[in-house]
Number of protein chains: 2
Amino acid sequence: MENILFDFMSKYVSLTEEEKNIILSFDIFHSVKKGTILLKEGQKSKSSYFVLKGCIRTYYVSDNEEKTTAFYTEMEALTPPCVITQTPSEYYVSCIEDTLLTISNSDMEAEVNDKFPKFETLCRKLSEENLAKQQINFDEFKTSSPEQRYLNLLEKRPDLIQRVPQYQLASYLGIKPESLSRVRARITEKNK
Amino acid sequence: MENILFDFMSKYVSLTEEEKNIILSFDIFHSVKKGTILLKEGQKSKSSYFVLKGCIRTYYVSDNEEKTTAFYTEMEALTPPCVITQTPSEYYVSCIEDTLLTISNSDMEAEVNDKFPKFETLCRKLSEENLAKQQINFDEFKTSSPEQRYLNLLEKRPDLIQRVPQYQLASYLGIKPESLSRVRARITEKNK
DNA sequence: TTCATTTCTTAACTTAAGTGAACGAGTTGT
DNA sequence: ACAACTCGTTCACTTAAGTTAAGAAATGAA
């Protein structure tokens, strides 16, 4: 379990055994059941998440409707904006599968960053890389139609289509569930 | 001019005169004319931009059409994804006004980050903050209609509507120029 | 297993965005 | 001043997404 994390981290910085032990000295590994809510709207939080196995999603609730905006699966990290801005959360974070993840605290991170520049380098690289990915994602979203977005998802994250309910996928694609049904029908129609 | 930059930086870390001089020892301030292309599709680059005054935009070209995805104005920083991934750029960056900006090189940043942990802290905080902003932006985009997006823009970045051509705004909002015209007509219609 | 609830799909209708074409206003270059 | 462009808007038409409602399929709990 620790190895999944350290293998991932080794892509960014090389860690000594001592440094690994410092990380392990915090109690960051958690196993959470499907349906567990990790963060609620209105709540203040200092927790960041890194998914080792499973899937978590972020969603807003307005007009009695869930609006799912992101999924985080294996090897993906989420620091909710509210942790950065230190304001109450605008959204919910929940597990859509039994999930194994690390939960780290921003105070703890600040402390470790302070003592070990190497961790700060890791954090910087990770967030730079995530920002770059996010920008490209957003650009693709803006410049394509719902149908193209669905086809794009089929190509890039086919697992999501299997493991996530359609109504959550729909808002992730920026459309209503009924429209997603039609998009799917249209596509299978074309393919025969 | 330097002061604009240092005032901005002081929000994240406090700098000594010596550290400021190190920054100034690199030739980072540039004044560029409207229309200048800072980065072309297919080009490799190590440059990040920070806008002191003016406005730059990022856009893709496909099917002989420009697709504008972002604008960066005063106090906003852009590190194109290609700089992070070290691959040829997918898009163009150009100035839509006479612009005063800093251009920094990722090699130079790596060097300074290495010598002065404080700079690395600055970079980390900046990219964490930008990632959080970007996430919220993307979420808002996903969960709203073109009309709501336009109204949202009107509220949050009214200056853009004045300083940017409509056809660029349109793709920024994920629609065609003709649709933006209609959205605007619809809104002024409602307001009387 | 059965019943209740949730999720997905289909259909009919409404609303808005995409498309192609035309027009006028404003700009640029000669 | 004039021609050539660019840009924003409008129009008519097409296509797709939103909405409302109903029913089928899947899921979960008793």
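Read on for an overview of the structure. These numbers were taken from a predicted model, which means no experiment stands behind them.

1. A closer look at the overall build of chain A
Next up, step 1: On a plain count of helices and strands, chain A comes out with nine helices and eight strands.
Next up, step 2: In terms of its C-alpha atoms, chain A occupies a principal-axis envelope of roughly 60 × 35 × 30 Å.
Next up, step 3: With 192 residues in all, chain A has 48% of them scored as buried.
Next up, step 4: Here chain A carries 26 positive and 29 negative side-chain charges, and the mean point of each set is 6 Å from the other.

2. As for the pattern of salt bridges
Next up, step 1: Applying the stated criterion across every chain, the model contains 31 salt bridges over all chains.
Next up, step 2: A salt bridge links Lys-133 of chain A to Glu-129 of chain A, with the nearest nitrogen and oxygen atoms 3.8 Å apart. Of this pair, Lys-133 of chain A and Glu-129 of chain A both sit in helix 5 (residues 117-142), separated by four residues, roughly a single helical turn.
Next up, step 3: For Lys-118 of chain B, the salt bridge identified is with Glu-19 of chain B, shortest N-O distance 3.1 Å. You can see Lys-118 of chain B sitting in helix 5 (residues 117-142) and its partner Glu-19 of chain B sitting in helix 2 (residues 17-25), a full 99 residues away along the chain.
Next up, step 4: Relative accessible area serves as the criterion here: at 28%, Lys-118 of chain B is assigned to the partly exposed category.

3. Examining the interface of chain A and chain B
Next up, step 1: The interface is formed by 33 residues belonging to chain A together with 33 residues belonging to chain B.
Next up, step 2: Together chain A and chain B conceal approximately 3200 Å² of surface at their shared face, both sides included; 63% is due to carbon and sulfur atoms.
Next up, step 3: In this structure, the connection of chain A to chain B is made through two salt bridges.
Next up, step 4: The salt bridge partner of Arg-124 of chain A is Glu-120 of chain B, with a shortest N-O separation of 2.4 Å.
Next up, step 5: At the boundary of chain A with chain B, the tally comes to 11 residue pairs in polar contact (both at pLDDT 80 or more).
Next up, step 6: Elements with a contribution of two residues or more to the side of chain A that touches chain B: strand 5 (65-72), helix 3 (81-85), helix 5 and helix 8 (166-172) of chain A.
Next up, step 7: The element contributing the most residues to the side of chain A that touches chain B is helix 5 of chain A, with 19 residues.
Next up, step 8: Classifying every residue of the side of chain A that touches chain B gives 14 nonpolar, 12 polar and seven charged.

4. Let's talk about the relation of the copies chain A and chain B
Next up, step 1: When chain A is brought onto chain B, the operation consists of a screw motion whose angular component is 180° and whose axial shift is 0.0 Å, with 0.0 Å RMSD remaining. Between the two chains, the operation in question is that of a two-fold axis. For chain A, the residue whose C-alpha comes nearest the rotation axis is Arg-124 of chain A, separated from it by 2.2 Å.
Next up, step 2: Here 100% of the interface residues in chain A have copies in chain B that are interface residues too; the copies meet face to matching face.

5. Let's talk about the environment of Tyr-49 of chain B
Next up, step 1: One can find Tyr-49 of chain B in strand 3 (residues 47-53).
Next up, step 2: Sequence spacing of Tyr-49 of chain B and Ala-77 of chain B is 28 residues, and the spatial spacing of their C-alpha atoms is 5.6 Å.

6. A few points about the protein's contact with DNA strand D
Next up, step 1: If you check the shell around DNA strand D, you find 15 residues, and the closest are Ser-179, Arg-182 and Arg-186 of chain A together with Gln-166 and Ser-181 of chain B.
Next up, step 2: Lys-176 of chain A places a polar main-chain atom, nitrogen or oxygen, 3.2 Å from a phosphate oxygen of DNA strand D.
Next up, step 3: At a separation of 2.7 Å, a phosphate oxygen of DNA strand D approaches a polar backbone atom of Gln-166 of chain B.
Next up, step 4: Of all elements in the fold, only helix 9 (177-190) of chain A together with helix 8 (166-172) and helix 9 (177-190) of chain B reach the threshold of two or more residues within the surface near DNA strand D.
Next up, step 5: Within the surface near DNA strand D, the residues separate by chemical class into four nonpolar, three polar and eight charged.

7. Things to note about the sheet that holds strand 2 (residues 37-39) of chain A
All names here are of chain A.
Next up, step 1: In space, the four strands of this open sheet follow the order 2-7-4-5, with antiparallel pairing throughout. Among the strands making up the open sheet, the edge pair consists of strand 2 and strand 5. Put simply, the sheet's adjacent strands are angled 35° from each other on average, direction ignored.
Next up, step 2: Looking at chain direction, strand 4 (residues 56-62) and strand 7 (residues 92-95) are connected through four bridges and run antiparallel. Across the sheet, residue Arg-57 finds its bridge partner in strand 7, namely Ser-94.

8. Description of the environment of Gly-54 of chain A
Residue and element names in this part refer to chain A.
Next up, step 1: Positionally, Gly-54 belongs in the loop between strand 3 (47-53) and strand 4.
Next up, step 2: Owing to a relative accessible area of 1%, Gly-54 belongs among the buried residues under this scheme.
Next up, step 3: Sequence separation between Gly-54 and Ile-96 is 42 residues; the distance between their C-alpha atoms is 7.8 Å.

9. Details of the protein's contact with DNA strand C
Next up, step 1: Near DNA strand C you find 14 residues, and of these Gln-166, Tyr-167 and Ser-181 of chain A together with Ser-179 and Arg-182 of chain B are the closest.
Next up, step 2: Backbone atoms, meaning sugar and phosphate, form 61% of the atoms of DNA strand C found within 4 Å of the protein.
Next up, step 3: The contact in question runs from a phosphate oxygen of DNA strand C to an N or O atom on the backbone of Tyr-167 of chain A, over 2.9 Å.
Next up, step 4: Between a phosphate oxygen of DNA strand C and a side-chain N or O atom of Arg-186 of chain B, the distance comes to 2.9 Å.
Next up, step 5: Of all the elements in the fold, those that place two or more residues in the surface near DNA strand C are helix 8 and helix 9 of chain A together with helix 9 of chain B.
Next up, step 6: Across the surface near DNA strand C, the residue classes break down as four nonpolar, three polar and seven charged.

Thresholds, definitions, all that
Residues numbered from 1 in each chain as written. Chains lettered and ligands numbered in written order. Predicted model: local features only at pLDDT ≥ 70, side-chain atom pairs only at ≥ 80, totals over all residues. Heavy atoms only, no water. Helix = DSSP H or I, 4+ residues; strand = E, 2+ residues; numbered from the N terminus. Buried < 20%, exposed > 50% of the residue type's maximum accessible area, 1.4 Å probe, protein only. Lys, Arg positive; Asp, Glu negative; His and termini not counted. Charge placed at Lys NZ, Arg CZ, Asp CG, Glu CD. Salt bridge = Lys/Arg side-chain N within 4 Å of Asp/Glu carboxyl O. Contact = heavy atoms within 4.5 Å. Buried area = accessible area lost by both parts, 1.4 Å probe. Polar contact = N/O pair within 3.5 Å; in protein donor to acceptor, adjacent residues only side chain to side chain. Nonpolar A, V, L, I, M, F, W, Y, C, P; charged D, E, K, R; others polar. Least-squares fit on C-alpha atoms with pLDDT ≥ 70 in both. Near = heavy atom within 4 Å. Pairing = 2+ DSSP bridges. Axes fitted to C-alpha atoms, helices over the stretch in contact; angles between N-to-C directions.

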